Amino acid sequence: MTHKITLIPGDGIGPEITEAARRCIEATGVDISWEEKLAGETAREKLGSLLPEDTLDSVRKNRVALKGPITTPVGSGFRSVNVAIRQALGLYVCLRPIKSCPGARSHYKDIDLVVIRENSEDLYAGIEFQESSPEAKRIIEEIKECSKKEIRPDSGISIKPISRYASRRIVKFAFEYALSNNRKKVTAVHKANIMKFTDGLFLEVARDVAKDYEGRIAFEDMIVDNMAMQLVQRPHNFDVLVLPNLYGDIVSDLCAGLIGGLGVAPGANIGEQIAVFEAVHGSAPKYRGLNKVNPAAMILSGVLMLKYIEENNAAERLENAVREVIAEGKFVTYDLKPSSGDLTAVGTMEMADAIIKKISD
Ligand code: NAD
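Basis of the calculations
Each chain carries its own residue numbering, running from 1 in the written order of its sequence. For a predicted model such as this one, the threshold for reporting local features is a pLDDT of at least 70, and the threshold for listing and counting side-chain atom pairs is 80 or more; totals across whole chains, interfaces and linings nevertheless cover every residue. To get the side-chain values, take all heavy atoms of the structure and skip hydrogens and water. Put simply, a residue is near a molecule or strand once any heavy atom of it comes within 4 Å of that molecule or strand. Polar contact criterion, stated in full: a pair of N or O atoms within 3.5 Å, where within protein one must be able to donate a hydrogen and the other to accept it, and residues adjacent in sequence count only if both atoms are side-chain atoms. To measure how exposed things are, a 1.4 Å probe is used in the Shrake-Rupley method; for residues, cover is taken only from the protein chains shown. The classification used treats Ala, Val, Leu, Ile, Met, Phe, Trp, Tyr, Cys and Pro as nonpolar, Asp, Glu, Lys and Arg as charged, and all other residues, Gly among them, as polar. The angle between two axes is taken between their N-to-C directions and runs from 0 to 180 degrees, where each axis is a line fitted to C-alpha atoms and a helix contributes only its stretch in contact. Strands here mean DSSP runs of E at least two residues long; helices mean DSSP runs of H or I at least four residues long; both are numbered from the N terminus. Roughly parallel means an angle under 35 degrees; roughly antiparallel means over 145; roughly perpendicular covers 65 to 115; every other angle is labelled oblique. Each crossing gets its handedness from the near helix: less than a right angle anticlockwise from the far helix is left-handed, clockwise is right-handed. Any pair of residues with heavy atoms lying within 4.5 Å of one another is described as a contacting pair. Only the six-membered ring of Trp is used, alongside the rings of Phe and Tyr, when aromatic pairs are assigned; centres must lie within 6.5 Å, and planes under 30 degrees apart are stacked while those over 60 apart are edge-to-face, with the rest tilted. Throughout this description, buried means an accessible area under 20% of the type-specific maximum (1.4 Å probe, protein chains only), exposed means over 50%, and partly exposed covers the range between. For a Lys NZ or an Arg CZ to count as sitting over a ring, it must be within 6 Å of the ring centre and within 35 degrees of the ring normal. Strands are treated as partners if at least two bridges between them are detected by DSSP. Look down the strands so they point away from you; if the path from the first strand over the helix to the second goes clockwise, the crossover is right-handed.

S.K.: Even after reading the chapter, I still don't get the site of the ligand, so can you show me in this structure?
M.R.: Of all residues adjacent to the ligand, which total 21 residues, the nearest are Ile-70, Thr-72, Asn-82, Gly-282 and Ala-284. One of the side-chain nitrogen or oxygen atoms of Thr-72 is found 2.4 Å away from an oxygen atom of the ligand. Within the backbone of Ser-283, an N or O atom sits 3.0 Å from an oxygen atom of the ligand. Protein contact buries 70% of the 810 Å² of open area that the ligand shows by itself. When the residues that make up the shell around the ligand are grouped by side-chain class, the tally is nine nonpolar, seven polar and five charged.

S.K.: Got a minute to help me understand the packing of helix H10 (residues 296-308) against helix H11 (residues 312-328) in this structure?
M.R.: Where H10 meets H11, the closest approach of the two axes is 8 Å, and the angle between their N-to-C directions is 160°. In terms of their interaxial angle, H10 and H11 are classed as roughly antiparallel. Both H10 and H11 take part in a crossing whose hand is left-handed. Facing Ala-296, Ile-299, Leu-300, Val-303, Leu-306 and Lys-307 of H10, the residues of H11 in contact are Asn-312, Ala-314, Ala-315, Leu-318, Glu-319, Val-322 and Ile-326. Of the residues assigned to the contact of H10 with H11, the class counts are 10 nonpolar, one polar and two charged.

S.K.: What is the right way to look at the packing of aromatic side chains in this model?
M.R.: When we look at a pair of aromatic rings, we describe it by the centre distance and by the angle of the planes. The full count for this structure, using the stated rule, is five aromatic pairs. Centroid distance Phe-173 to Tyr-177: 6.4 Å. Interplanar angle 25°. Geometry classified as stacked. Of this pair, Phe-173 and Tyr-177 both sit in helix H6 (residues 164-180), four residues apart, which is roughly one turn of the helix. In this structure Tyr-177 comes out as buried when scored by relative accessible area, which is 16%. Over the ring of Tyr-124 we find Arg-117, and its NZ or CZ is 5.0 Å from the ring centre. In this arrangement the basic side chain of Arg-169 is found over the ring face of Tyr-92, its NZ or CZ atom lying 4.0 Å from the centre.

S.K.: When you look at the pairing of strand S9 (residues 218-223) in this model, what are you seeing that I'm missing?
M.R.: Side-chain positions along a regular strand alternate between the two faces of the sheet. Relative to S9, strand S8 (residues 185-190) runs parallel, the two being bridged by six bridges. The residue of S9 that forms the bridge with Lys-185 is Ala-218. Note on the crossover from S8 through helix H7 (residues 199-211) to S9: the handedness is right-handed.

Structure, rendered in C-alpha cells:
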C-alpha cells in the first residue's frame, strides 16, 4: 500500500534533517508518496505567505505530515507558524517520548518516560494585549472592577485559558496512551496551588478522569516546580506525564536534556484525524546549510510516524538502526561525541548514510 504523506522541510536546518529522515524512512522499504509543501520563511519568500492554505489542505487531505522546524517570524501576523499549524489542524496532543539512547552524552541511563503536552490552549492560545493599547487599558479597568485588583497601567497582558473540555480530552488521551502502551502511571503536572481556576480546573478534571482507570493505571499529581526538581533527581520514578501547554513545553526540553539533548528528542502533534510529526528542537538557524546537526530527532519522529501509519516492522528496524549507530558512536554528529570539538564527528548526511547502511545490513 502506498502512503501519501505531506513533507514540510521548514526553515534553518529543517531541509537537511527532513531530507536525511526521508532517505532513512525510504530505506525501510515502506512505500510512501511524498507531497512536498512549504511553510515558514521559504514559503513567505516563494509564495508570499508563511503558512499557505495549500500546505494545510495537503495535510488535511493526507492526514499525516513529517515537518521540519520553522523559525518563529519576527514582526509578522503570526506569533508562531508552529502554533498556527497545530491550531488550524486541531492537533491537541503533543506527544514526546523520552528514551535514553546509549552512546548519547547524558548523566542518566535507562530513562523511559513520555511527555504529553496539551497543545491548544493555556498561554499559547495567542490572546495577548500590548502595553498601553486601548484594549489593554480596557482590560485593566475591567479587572479592577471585577477583582478589585490593580494591574500596573504599563503592563502587557497574556491570557491563560484552560477549559474543562480540553483538559478532559488531553488527560483521557494520556490514560488511553498509557493503557495501549503498557505504561503503569500517569502524573498530572500543574501549579494549582497558585492558579486555582486554571491549573486547579486541570487538576480537578485529571483526578476525575483518573477514577475511570483505577486499578489499571496509577495516578498522581505534582506541582510543576517540584516536578522539575524530581525529574533531575529521580527521573526513573516517572512514566507518563500530562501537562498544560506551557509547562509541557518547558518540561519536554528538560526531559530532552536527561537523554542527551535536543538532537535525540522526537515528537508528534496529534488530533482526531490528523498527525504531524516533528522533532522537539527548533530550526537552529546558525547551523543552516552546514550539514552539521544531528538528524536523529527528526528520524525518530519518522519512527513515530511509521508506528502511526501502522508500519510497525519498519518503525522497529529504523529505531534499532538509529540506536545502534548512536551506541557505536563512530558515524555520529558533534553533539553525540564525547566533546563538542571532536574532529571525528560526521555530518548530518553521513550519519543518515550510516543509519541507512544498518537498515540494509
Ligand atoms: P533550537 O532548538 O533551534 O536550537 C537550540 C540549540 O540546540 C542549537 O543552537 C543547537 O546547539 C542545539 N540543537 C538543536 N537542534 C539540534 C540538532 N538537531 N542537532 C544538534 N544540536 C541541536 O532553539 P532556538 O535557537 O531557541 O530556536 C530557533 C528557532 O526555532 C526559533 O525561531 C524558534 O522559535 C524556532 N522553534 C521552532 C520549533 C518548531 O518548529 N517546532 C520548535 C522550537 C523552536
